[in-house]
Amino acid sequence: MLAQEFIRHKRDHGTHDAGRIDEFIDGITSGEVADAQIAAWAMAVFLNGLNLDECVALTRAMTHSGMCLEWRVDGPVVDKHSTGGVGDTVSLMLAPMIAACGGFVPMISGRGLGHTGGTYDKLESIPGYRAAPTITEFRKVVERVGCSIIGQTADLAPADKRLYAIRDVTSTVESIPMITASILSKKLAEGLGTLVMDVKVGRGAFMERDEDAVELAHSIARVATEAGTPTVAVLTDMDQPLGSVAGNALEIVYAIDYLTDGGATGTRRESRMDEVVMALGVEMLTGGKLAASPSEARVMLLKTLDSGTAAERFAKMVRSMGGPADLVTDPWKHLERAPITVDVTAERAGFVGHIDTRHIGLAVGVLGGGRSRPQDSIDHTVGITSLAAVGEQVDANQRLATIHARTNETADRVGTMIRSAYSIHPEPPTPRLTVRQRVTSSGAAEVPTEIPTI
């Protein structure tokens, strides 16, 4: 194909047919299409958009640019994906919970970038854990354990990897159709029967405005469903960190605490985290036909926690992926700790009115626990714990957070960042919903959950 004609067609507000999109994506994968041509087309799409048929065709083409997994398992293959946030540890708990209910979860996770954390990085803090196994090993663990969480491999959706890298340096990332195709190409290559999207919205999210998050959620749900994978999107709040912990090894321990109700450090399940885990888990179980109703799904999820079967699945997954067999029972025996801990205290009494969540995520990066470029190395030990939540009443000099750092200098710098991220008000703020909306491909009004639908 003549790539320049393909680019000109979109530049001039034309509509691509599926065959031409297939040819262009084949050219991206093979290297026939040059970086400059990919960049020009991405800008044309950024400015002129793609319609539903084009976005479905693009998603399918990128999905089939590499290997597509097939499964022979006795149960539904389901997954969830988050658009990224601060203190978002949901995947680490939810995958083994769904596996304990009879589902199979082949979860491909990403690295953190900018102010958001990545599940891949958290897993790499576990000594021995192979977060980049072969597809054969990944498949065997999913079939044997019921879940496995790894990073993206070169075998799955390679066209997306090249296209995203060029979008990242050409200011064309913020395109709903291309975001949709990028996310879904990797997920649909997993061979899923159903997908649940967690679209974060708020100060710490990629989409800060509700209307932008709704647009993305609708796009993902509709395109994925049209492409053959029934999908529901749930909008969840990121106007504050989801959990009270941010940092890689620290979030591993937080997840273990959740699965064991404080068995690792005594930190009990927190309500905001629990609400999101349960909302997404209900969608996965009902979408996968493992539960007939949301109430039945919730009972099943709670049973995996109360019985310890979810914690057992997590331990088995870690062991099967090369990690320590006793990580769940004694995590700090294996995980490295940062040498310095410093409390950040409130300057006056009042209520936490709001939190600049993005600054909390950036603070983890300053400590060394995040990256600004994909190739940056990170320190898995550092982070922040005991983050006070919005609405919490604090006294003057009461702890707002605890910093885990390598040096006193970085701890001091991050302490200033955390104080500036917190606003203390004389009156408690109006409560906000943690799970804001449920978005389907059709926008149906009747849903089997107790959250609003659009």
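Attention here is on the structure that accompanies the text. Each chain carries its own residue numbering, running from 1 in the direction its sequence is written. Where local features are concerned, this predicted model is filtered to residues with pLDDT of at least 70; where side-chain atom pairs are given and counted, the filter is 80 or more; whole-chain, interface and lining totals use all residues. Derived side-chain values reflect all non-hydrogen atoms in the structure, with water molecules and hydrogen atoms excluded from consideration.

## Describing the environment of Gly-75
Now for step 1: Its location among the elements puts Gly-75 in the loop between α4 (52–63) and β1 (78–82).
Now for step 2: Type-normalised accessible area, obtained with a 1.4 Å probe on protein chains alone, sets the label of each residue: buried when under 20%, exposed when over 50%, and partly exposed for intermediate values. Note on Gly-75: relative accessible area 29%, which makes it partly exposed.
Now for step 3: Separated by 213 residues in sequence, Gly-75 and Gly-288 place their C-alpha atoms 8.4 Å apart.
Now for step 4: The criterion used for residue contact is that any of the two residues' heavy atoms lie within 4.5 Å. Beyond its immediate chain neighbours, meaning those up to four positions away, Gly-75 contacts Gly-102 and Phe-104. Under the DSSP-based scheme used, a helix requires at least four consecutive residues in state H or I and a strand at least two consecutive residues in state E, with every element numbered from the N terminus.

## Topic: unusual backbone geometry
Now for step 1: Even without a glycine there, the phi angle at Ala-157 is positive, about 45°.
Now for step 2: Here Ala-157 lies in the loop between β3 (147–151) and α8 (158–168).
Now for step 3: Looking at Ala-157, the relative accessible area reads 0%, which means it is buried.
Now for step 4: The backbone phi angle of Asn-397 is positive, close to 70°, even though this residue is not glycine.
Now for step 5: Relative to the assigned elements, Asn-397 resides in the loop between β9 (393–394) and β10 (399–405).

## Quick notes on helix α14 (residues 309–320)
Now for step 1: Each residue after the first adds 1.5 Å to the expected span of a helix. Helix length check: α14, at 12 residues, gives a terminal C-alpha distance of 16 Å against a target of 16 Å (1.5 Å per residue), a fit within 8%.
Now for step 2: Listing the buried residues of α14 in full gives Ala-310, Ala-311, Phe-314, Ala-315, Met-317, Val-318 and Ser-320.
Now for step 3: Of the surrounding elements, those touching the buried residues of α14 are α5 (90–100), α7 (135–145), β3, α11 (248–260) and α13 (294–306).
Now for step 4: Positive phi shows up at Gly-322, right after α14, with a value of about 100°.

## With respect to the nonpolar core
Now for step 1: Among the buried residues, those of types Ala, Val, Leu, Ile, Met, Phe, Trp, Tyr and Cys that are joined through side-chain atoms within 4.5 Å form a nonpolar core. In terms of nonpolar packing, the biggest core is built from 124 residues, with Met-93 and Met-97 touching the most fellow members.
Now for step 2: In this structure, Ile-25, Ile-28, Leu-50 and Ile-166 belong to the second largest nonpolar core, which totals 23 residues.

## Things to note about the pattern of salt bridges
Now for step 1: Salt bridges are identified by distance alone: a Lys or Arg side-chain nitrogen within 4 Å of an Asp or Glu carboxyl oxygen. With the rule as written, the count across this model stands at 27 salt bridges.
Now for step 2: Lys-122 is the salt-bridge partner of Glu-251, the closest N and O atoms lying 3.0 Å from each other. Taken together, the positions of Glu-251 in helix α11 and Lys-122 in helix α6 (residues 119–124) put the pair 129 residues apart, joining distant regions of the chain.
Now for step 3: Among the residues examined, Lys-122 registers a relative accessible area of 2% and is labelled buried.

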